[in-house]
Amino acid sequence: MSDREDEKMAVDDGTDEISTITLGQYYQRLFPFTDYFQWLNYSTDAATREFTHREFSFTINDGVYLRYQSFKDGPELQREVVRLAPSKIDIGAVFTAAPKHAKSLQPGVFKPVSKELVFDIDMTDYDEVRTCCSGGDICDKCWPFMTVAMHVVDQALREDFGFTQLMWAYSGRRGVHCWVCDERARKLDDPGRRAVAGYLGMVRGGAEQSKKVTLSQRSGKHPHVIRSAKIVEDYFEELVLVGQEILLTRERWTKVLAALPDEEVRKQLDAKWAKNPDRSSVDKWSEMVDAVDRRAGKRNTAYGLATFERDMMLQLAYPRLDENVTTHLNHLLKSPFCIHPKTGRVCTPIAPDQFDTFNPFTVPSLGQLLRELNESQDAAAPTSLTPHVDVFKKFVSTLRPPQDVKPALPSLEF
């Protein structure tokens, strides 16, 4: 059995140990309720409307879905979570009234007013690119797609929008989430959220579309494009050419060549590679770039050819966002520190300085944590979850009241 197959199996470890009893023990002994309350309350003091009017959703008893749960304070939330032992907790918006009273309110009175600006990046959206895995599987060869995504989105949100209070979290299985907690971000309406998602979206089109990144000369000079292209370039060879061997077989290289806006070059490369198909993707990519550059020179640097390498690298490795999660104020998103039902792993925060070192296969599972607790003679002894809780504590400690000076949003036009 290969190392990669070992890794794929590891991601599903621990599911047999998930039950109402074991979840109850986890919530009672390990869930960081105090910091969790301070995060969603945006204050260390008494409960504010940010918390009391917040929707929580619980999944219990193999699929029973409880929406519009709300709580008067942190202790009440803790008691209910420990009592119900939900297999999943979703976090929703802050509403005009406490969500638990939603059914008794007049139509139109109960409305969402704020929520963190959130992003969901799922590995399944890379299935047309990755060759090592598909569906819910991940391995060490495709996880770096998430590394690239975190770098690109994090830098764009900080440098282009001026946001500073960003929390990244592992989804527990095959992706990552980002919670932007700045007050300006939380107050964005749906059109504002669509504008941010549109600004970050670059890969467009379905499976039938060959070229999914199309940038004008003007948009290609945008700072976000230049910065993102540089990030992608830094990872591209090892991730896409070596890890995914994107040009190894004719089936694979045909998809890449289909995006090339010159039929003659496409035919020349296809014929050449077909004669010696076992050459590496690194060699074939270099050959393709050289051929495109020569052709562009003869055509006086026709724009589509001159920028083909950049556009293709972005198409293959730029972040693929689930925009529906971002654009709707009342969209729910899985809470940090849930236990993923398919893997048994904790949905743990990821610090920005951990983007390159974070390994989803070392994230603790529910069964692992309970064994650690049972084997320890000291109830206060740290577990393998402790470093992840420390990341969360550090993030929560940075949350401060909004400053008087607010940086301007960038132009959302490319």
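Residues numbered from 1 in each chain as written. Predicted model: local features only at pLDDT ≥ 70, side-chain atom pairs only at ≥ 80, totals over all residues. Heavy atoms only, no water.

### Focus: the packing of helix α3 (residues 33-41) against helix α5 (residues 74-84)
How we decide: Under this scheme, a helix contributes an axis fitted over its contacting stretch, all axes are lines through C-alpha atoms, and angles between N-to-C directions fall in the 0 to 180 degree range. What counts as a helix is a DSSP run of H or I of at least four residues, what counts as a strand is a run of E of at least two, and both are numbered from the N terminus. Under this scheme an angle from 65 to 115 degrees is roughly perpendicular, one under 35 degrees roughly parallel, and one over 145 degrees roughly antiparallel; angles in between are oblique. Two helices cross in a left-handed way if the nearer one is turned anticlockwise from the farther one by less than a right angle. They cross in a right-handed way if the turn is clockwise. By definition, residues are in contact when any of their heavy atoms lie within 4.5 Å. Each residue gets one of three labels, nonpolar for Ala, Val, Leu, Ile, Met, Phe, Trp, Tyr, Cys and Pro, charged for Asp, Glu, Lys and Arg, and polar for the others, Gly among them.
Two elements in contact, α3 and α5, have axes separated by 10 Å at closest approach and are oriented at 125 degrees. Classified by the angle between their axes, α3 and α5 sit oblique to one another. α5 is crossed by α3, and the crossing has right-handed handedness. Judged by residue contacts, Phe33, Tyr36 and Phe37 of α3 engage Gly74, Leu77, Gln78, Val81 and Val82 from α5. A breakdown of the residues in the contact of α3 with α5 according to their chemical character gives six nonpolar, two polar and no charged.

### Quick word on the environment of leucine 84
By the element assignment, leucine 84 lies in helix α5. Linking leucine 84 and aspartate 290, residues 206 residues apart in sequence, is a C-alpha distance of 61 Å. Not counting residues within four places of it along the chain, the set of residues in contact with leucine 84 comprises Phe58, Ile60 and Leu66.

### A few points about the side chain of aspartate 120
Formally: Three labels apply to residues, based on accessible area from a 1.4 Å probe with only protein chains included: buried if under 20% of the type maximum, exposed if over 50%, partly exposed otherwise in between. Charge convention: Lys and Arg are scored as positive, Asp and Glu as negative, and His as well as the terminal groups of each chain are ignored. By definition, a salt bridge exists where a carboxyl oxygen of Asp or Glu is found within 4 Å of a side-chain nitrogen of Lys or Arg.
Here aspartate 120 lies in strand β5 (residues 117-122). Of the side chains with opposite charge, lysine 334 comes closest to the buried, unpaired aspartate 120, at an N-O distance of 7.9 Å. When neighbours within four sequence positions are excluded, aspartate 120 is seen to be in contact with Val176, His177, Arg320, Leu321, Asp322 and Val325.

### Brief notes about the pattern of salt bridges
Pairing of side chains with opposite charge becomes possible as their charged atoms draw close. Tallied over the full model, the rule gives 25 salt bridges. One salt bridge in this structure joins arginine 371 and glutamate 17, with 2.6 Å as the shortest N-O distance. Taken as a pair, arginine 371 in helix α16 (residues 366-375) and glutamate 17 in the loop between α1 (3-10) and α2 (20-29) lie far apart in primary sequence, 354 residues in all. The salt bridge partner of glutamate 287 is arginine 279, with a shortest N-O separation of 3.1 Å. Among the residues examined, arginine 279 registers a relative accessible area of 21% and is labelled partly exposed. Where salt bridges share partners, they join Glu50, Arg186 and Lys187 into one cluster.

### Describing the packing of aromatic side chains
How we decide: The rule is short: rings of Phe, Tyr and Trp, with Trp giving its six-membered ring, pair when the centres are within 6.5 Å, and they are stacked under 30 degrees, edge-to-face over 60, tilted in between. A positively charged side chain is recorded as over a ring if its NZ (Lys) or CZ (Arg) lies within 6 Å of the ring centre. The angle to the ring normal must also be within 35 degrees.
Summed over the entire model, instances satisfying the criterion amount to 26 aromatic pairs. The interplanar angle of 90 degrees and the centroid separation of 6.3 Å between the aromatic rings of tyrosine 26 and phenylalanine 31 together place this pair among those described as edge-to-face. Look at tyrosine 26 and you get buried, because its relative accessible area is 0%. Relative accessible area serves as the criterion here: at 6%, phenylalanine 31 is assigned to the buried category. Centroid distance tyrosine 36 to tryptophan 39: 5.9 Å. Interplanar angle 75 degrees. Geometry classified as edge-to-face. Taken as a pair, tyrosine 36 and tryptophan 39 lie in helix α3 at a separation of three residues, close to a single helical turn. With respect to burial, tyrosine 36 and tryptophan 39 carry one shared label: buried. Linked through ring pairs, Tyr26, Tyr27, Phe31, Phe33, Tyr36, Trp39, Trp179, Phe337 and Phe392 together constitute an aromatic cluster. Arginine 186 extends its terminal NZ or CZ atom over the ring of tyrosine 42, reaching a point 3.7 Å from the ring centre. The cationic tip of arginine 320 hangs over the ring face of tyrosine 126; the distance from NZ or CZ to the ring centre is 5.8 Å.

### As for the nonpolar core
Our working definition: For this analysis, a nonpolar core means a set of buried residues of the types Ala, Val, Leu, Ile, Met, Phe, Trp, Tyr and Cys, connected via side-chain atoms within 4.5 Å.
Counting residues in hydrophobic clusters, the biggest one holds 76 residues, and the most contacted among them are Phe145, Leu157, Trp168, Leu200, Trp285 and Met288. It is helix α6 (residues 144-159) that contributes the most residues to this core, nine residues altogether. Setting aside residues no more than four positions away along its own chain, methionine 288 makes contact with Val256, Leu257, Leu260, Leu269, Trp273 and Phe308. Core analysis: the next-biggest nonpolar cluster, separate from the first, contains 43 residues, Leu77, Cys181, Leu366 and Phe392 among them.

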